[in-house]
Amino acid sequence: MKVLSLHELGIDDRLRLTLESSFSHHGNLEAELAPFIQTLEAHAGDWMPEIVRGSRNRKYTRASVWKALVEQRDETSASVALYRAAPPAVELCLDLWLSPQPAELSVWLDIQPTSCFSEVERSRRFVDMVHEWATQYPVHQASAHSMADRELAGFPHFGREVEVSRRDGFDKVYEVCWLNIFGPKLVETVGRERVLSTPAHRVEELPNGSVLLVLRPTAADFASDEARVAQARAHVHLRPDLDFDTVLRILRERSAALASVEPRFHPDLTPRLSRLPDEVVISARQRKIAELNAFQPPEPEEWLPVALPPDVENPERYKRDLIDSHTAPALGGTWIPRQNPEESQVRVGQRVWLPFLRARRYMESRQSLLTHSLTQFFREAERHRS
């Protein structure tokens, strides 16, 4: 059963939810997680997971979830992952830490693309789902936001050393996301009255003393200027030590960095360049596209105006049948073998091309895969064949 990978949808952003909570563990994981699964089924709608991964992939049913938990369990932990086979892509991972007590539940949910949540009703159902989870399992902290924007914000360390981040955790409001649950400890640090009076779309106190805060009716418009103003106001309200204009300027810079850029790659290199944005983190992909749009490879230099004569004693060792019937005629050219492979030539039109020299340069470095592209070399020779 094939899982739809988040990477198969190209450069689309995704909504990421992270949630850390505790739960009462008495040995019956099925009973203890049943409310979580019921809430998921009630609110997910058309992004409901379809596949459960345990020791193998199975069609989603509650029974398959419980079976996967048994398969992925040891003395101190258990886990299960849920996916979809068709868009939107979903990856929902539940990690349970059973020892020492109290037991901990960690939720990691990615839904791609973020544009799925441009509708108010779908976003509201998502918030209601998280709200129910937070009432069923006391939440220490949670947030849902654009993954790309989270990367630009520096989640989860926010510029701190990793050791410091792990030690201090969310000891202050480093960022305000589209959806936030501030745990009881952080709420008391900031001030409960201040947190509950935050200017936002939805603010609710939860049973364990946490506070749910949702900035806007929809998740997908996080980068709009209206959303950035709302985000800055909420952040400065919770952190009076911050300057509103500075916070807003940084947020607007992040929006600019994430603004969609239409690919306009060099035509000879489009097949190669179009794959490169997927190799960088989501937050850097639009900048990468702009960089590749501006890239102009140097014109090939691996050619001669006049051919060097053949200097091999036995041209047959070059498998002339293969070369003459496939390689050179592809451009209407003639193969001229040389003892030094880098001097081997193909006559096309009024130029003599050096394909082995080009191939060596192509393999010299990662950058040379672009500056000495074999596809570009072929296309350039093709343009000179008449």
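As the structure is a computational prediction, the values presented were derived from the model and not from experiment.

A word on the overall build of the protein
Then, number 1: Along the protein, the regular secondary structure elements total 15 helices and 14 strands.
Then, number 2: For 386 residues, the compact-globule estimate of 2.2 N^0.38 gives 21 Å, and the protein exceeds it by more than 25% at 29 Å.
Then, number 3: Each principal axis of the C-alpha atoms in the protein carries an extent, and together these give about 90 × 50 × 40 Å.
Then, number 4: A total of 386 residues make up the protein; the buried ones form 49% of that total.
Then, number 5: Counting 49 positive and 56 negative side-chain charges, the protein places the averaged centre of each group 3 Å from the other.

Some words on the sheet that holds strand β2 (residues 51-53)
Each strand in a sheet pairs with another by means of backbone hydrogen bonds, the pair being arranged parallel or else antiparallel.
Then, number 1: A sheet is described by the order of its strands in space; here 10 strands give the open sequence β3-β2-β4-β5-β6-β1-β7-β8-β10-β9, paired in antiparallel fashion. Bordering the open sheet on either side are β3 (57-59) and β9 (202-205), each of which pairs with just one other strand. Each neighbouring strand pair of the sheet contributes to a mean axis angle of 15°, computed without reference to strand direction.
Then, number 2: When β2 meets β3, the two strands line up antiparallel, connected through 3 bridges. In the sheet register, V52 faces β3, and the bridge partner there is R58.
Then, number 3: Here helix α1 (residues 29-43) sits on the sheet in contact with β1 (15-23), β4 (77-83), β5 (89-97) and β6 (103-112), set at roughly 155° to β5.
Then, number 4: Sheet strands in contact with helix α3 (residues 120-136) are β1, β6, β7 (139-146), β8 (179-182), β9 and β10 (211-214), and its direction is about 15° off that of β1.

Side note on helix α9 (residues 244-258)
Then, number 1: For α9, with 15 residues, the first-to-last C-alpha span of 21 Å sits near the 21 Å given by 1.5 Å per residue.
Then, number 2: Of all the residues in α9, the buried ones are V247, L248, L251, R254, S255, A257 and L258.
Then, number 3: The opening residue of α9, the one whose side-chain oxygen lies 3.4 Å from the backbone nitrogen of D245, is D243.

Focus on unusual backbone geometry
Apart from glycine, the bulk of residues carry a negative phi angle, and the bulk of peptide bonds sit in the trans form.
Then, number 1: Cis geometry marks the peptide bond from Q112 to P113, where omega comes out at 5°.
Then, number 2: By secondary structure assignment, the location of P113 is in the loop between β6 and α3.
Then, number 3: Cis geometry is found at the peptide bond from F155 to P156, where omega equals -10°.
Then, number 4: Counting through the fold element by element, P156 comes out in the loop between α4 (147-153) and α5 (162-168).

Quick look at the packing of aromatic side chains
Then, number 1: Counted under the stated rule, the structure contains 8 aromatic pairs.
Then, number 2: Between F36 and W133 the ring centres are 4.1 Å apart and the planes differ by 5°, which places this aromatic pair in the stacked class. One end of the pair, F36, is in helix α1; the other, W133, is in helix α3, and 97 residues separate them in sequence.
Then, number 3: On the accessibility criterion, F36 (1% relative accessible area) is buried.
Then, number 4: By relative accessible area, W133 is classed as buried at 1%.
Then, number 5: Grouped by ring-pair contacts, the aromatic residues W47, F117, F126 and W178 constitute a single cluster.
Then, number 6: In this arrangement the basic side chain of R351 is found over the ring face of W303, its NZ or CZ atom lying 3.6 Å from the centre.

With respect to the sheet that holds strand β14 (residues 351-353)
Then, number 1: Sheet architecture is open: 4 strands sit in the order β11-β14-β13-β12, paired in antiparallel fashion. Strands with a single pairing partner mark the edges of an open sheet, and in this sheet they are β11 (303-304) and β12 (334-336).
Then, number 2: Bridging between β12 and strand β13 (residues 345-348) involves 3 bridges; their strand directions are antiparallel. Residue pairing in the sheet places I336 in a bridge with Q345 of β13.

Quick look at the side chain of R202
Then, number 1: Locating R202 in the fold gives a position in strand β9.
Then, number 2: Within the structure, R202 has its side chain in polar contact with the side chain of E204 (distance 2.6 Å).
Then, number 3: Leaving out residues up to four positions away in the same chain, R202 has contacts with V127, D128, H131, L212, L213 and V214.

Rules of the game
Residues numbered from 1 in each chain as written. Predicted model: local features only at pLDDT ≥ 70, side-chain atom pairs only at ≥ 80, totals over all residues. Heavy atoms only, no water. Helix = DSSP H or I, 4+ residues; strand = E, 2+ residues; numbered from the N terminus. Rg over C-alpha atoms; globule rule 2.2 N^0.38 Å. Buried < 20%, exposed > 50% of the residue type's maximum accessible area, 1.4 Å probe, protein only. Lys, Arg positive; Asp, Glu negative; His and termini not counted. Charge placed at Lys NZ, Arg CZ, Asp CG, Glu CD. Pairing = 2+ DSSP bridges. Axes fitted to C-alpha atoms, helices over the stretch in contact; angles between N-to-C directions. Contact = heavy atoms within 4.5 Å. Expected span 1.5 Å × (residues − 1). Polar contact = N/O pair within 3.5 Å; in protein donor to acceptor, adjacent residues only side chain to side chain. Phe/Tyr/Trp six-rings, centres within 6.5 Å; stacked < 30°, edge-to-face > 60°. Lys NZ or Arg CZ within 6 Å of the ring centre and 35° of its normal.

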